[in-house]
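A look at the structure
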Amino acid sequence: MNLNSLKKTAKKILAIPAVRKTHRSINVVLYGLLSTTKLLAVPYHLIFSRAFDREIFAYTKAIFQYNRKVMQAHPSNIVIRRNIHRLEKGLIMENRRKVFALDYIEETVENYAQLMQSPKKSVLEAGEMQWAYDVLTAYFACTDDTQPLIGRMKTLFESLPKPEGMDSSVKLIPYESKERAKYQTPTYDQFMDLSRKRRSVRWFQDKAVPRELVDKALQAAALAPSACNRQPFKYRIFDDPQMVKEIANIPFGTSGYADNLPMVIVVVGDLSDYFSPRDRHTIYVDAALSVMSFMYALETLGLSSVGIQWPDFGLLESKMKKELNLKEYERPVIVIGVGYAKDEGKIPCSKKKPLDELRSYNDLG
């Protein structure tokens, strides 16, 4: 049985009222019992459920990969991105101390030094290395170099050459908030208009999507907040009609409109940007923040989009991994359809929850 047949069969079975009611009744009893203690819940999922097997294996591979690539020359270095951002947060403190970052400055400078001395340093992203150089320069200029560790790291840093390809007209260091005034801010009403216009569109014109417009939207998406500035995701973009058709038909919920998508994007999270399982959900948070900016930016460029849910479903994930040749530590986060909306194409009303259902103030529950 192929994937589409399996999806149709599952939908038919779950549409039977008796099946739904029986399934719900069993879950009420089973999960009511399991939820009473971890001593029941953990063994159940380890032995019987296996729902988290893929996540566990993905993160095991991710930590292995993280430790392999930490000291290797890549266009973007995970330790540099995290630790330089941490240094920036220390530099912006109003009551900044003369000694800070002792727990990670050695790791940062030694990693930076190894990259600068690597025979493969030509692959390094110039902007990232200039950012590291500028921030480290600012750090050593304002900290106490009589502190032994800071003094030793300052000596090592100053012995290294400057990164190649630096733009001497800019300094990539913290700046005052008032500098943001040079950017024009839309009014609240304008932003609400954009928010109301941005709807999930499923019916598109038979018209190619210009890649330069997608790249413009991605430039906005890249500015979204990201924990420790690691941006642990990649936009895998497909506009070849056959590839679009194959990929768009993998997720649940695309039946009936998948074949009219002119472009499809799979946002893939990279778990190997993290050294600890505590961060295993960050790829989803950071990717979601970026995707929302991307969708808004598309609207300003005359393009529409539809976010297609990606459930943690084994058969679908295996299919997507095979289709995109994903590593074990790479996980699909969301699928996005992009195109020019048909004027006559209908859009669900999707009535949203009222404010009282979405927020509370000073409520401890």
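Use the structure listed above.
Here goes a summary of the coordinates provided.

**Quick notes on the environment of D363**
- Of note, D363 is situated in the segment after helix 14 (355–358).
- Of the residues examined, D363 reaches a relative accessible area of 52% and is grouped as exposed.
- Within the local environment of D363, its side chain forms a polar contact with the backbone nitrogen of G365, the two atoms lying 2.8 Å apart.

**Some words on the pairing of strand 2 (residues 263–270)**
- Extensive coverage of strand 2 is indicated by the burial of eight of its eight residues.
- Alternating residues of strand 2 divide into M263, I265, V267 and G269 and V264, V266, V268 and D270, and every residue in both groups is buried.
- Pairing between strand 1 (residues 233–238) and strand 2: six bridges, direction antiparallel. Pairing of R236 across the sheet is with V266, part of strand 2.

**Notes on the pattern of salt bridges**
- Applying the stated criterion to the full structure yields 17 salt bridges.
- In this structure, D270 and K69 form a salt bridge, with 3.6 Å as the shortest nitrogen-oxygen distance. With a gap of 201 residues between them, D270 in strand 2 and K69 in helix 4 (residues 53–69) connect regions that are remote in the sequence.
- Between E176 and K178 there is a salt bridge, with its nearest N and O atoms 3.2 Å apart.
- For K178, a relative accessible area of 62% puts it in the exposed group.
- Via salt bridges that share partners, R54, D312, E317 and R331 belong to a single interconnected network.

**Description of the sheet that holds strand 2**
- A sheet is described by the order of its strands in space; here four strands give the open sequence 1-2-4-3, paired in antiparallel fashion. Only two strands of the sheet have a single neighbouring strand rather than two, namely strand 1 and strand 3 (304–308). The average angle at which neighbouring strand axes cross in this sheet is 25°, direction not considered.
- Along the sheet face, helix 12 (residues 282–300) touches strand 1, strand 2, strand 3 and strand 4 (330–339) and points at about 10° away from the line of strand 4.

**A few points about the environment of G269**
- Here G269 is to be found in strand 2.
- When the C-alpha atoms of G269 and S177 are compared, they prove to be 31 Å apart, with 92 residues separating the residues in sequence.
- Contacts of G269, omitting those with residues within four sequence positions, involve P232, F233, I283, Y329, E330, R331 and V333.

**Looking at unusual backbone geometry**
- Positioned with a positive phi, N325 is a non-glycine residue whose angle comes to about 55°.
- By the element assignment, N325 lies in the loop between helix 13 (314–324) and strand 4.
- A relative accessible area of 63% means that N325 is categorised as exposed.
- With a phi angle near 55°, N362 is a residue other than glycine that sits in the positive phi range.
- Turning to its location among the elements, N362 is positioned in the segment after helix 14.
- N362 gets classed as exposed once you look at its relative accessible area, which sits at 80%.

**Side note on the environment of L40**
- Of note, L40 is situated in helix 3 (residues 38–49).
- Residues L40 and M93, spaced 53 residues apart in sequence, show a C-alpha to C-alpha distance of 46 Å.
- The residues contacting L40, other than those within four sequence positions of it, are L33 and L34.

Cut-offs and rules
Residues numbered from 1 in each chain as written. Predicted model: local features only at pLDDT ≥ 70, side-chain atom pairs only at ≥ 80, totals over all residues. Heavy atoms only, no water. Helix = DSSP H or I, 4+ residues; strand = E, 2+ residues; numbered from the N terminus. Buried < 20%, exposed > 50% of the residue type's maximum accessible area, 1.4 Å probe, protein only. Polar contact = N/O pair within 3.5 Å; in protein donor to acceptor, adjacent residues only side chain to side chain. Pairing = 2+ DSSP bridges. Salt bridge = Lys/Arg side-chain N within 4 Å of Asp/Glu carboxyl O. Axes fitted to C-alpha atoms, helices over the stretch in contact; angles between N-to-C directions. Contact = heavy atoms within 4.5 Å.

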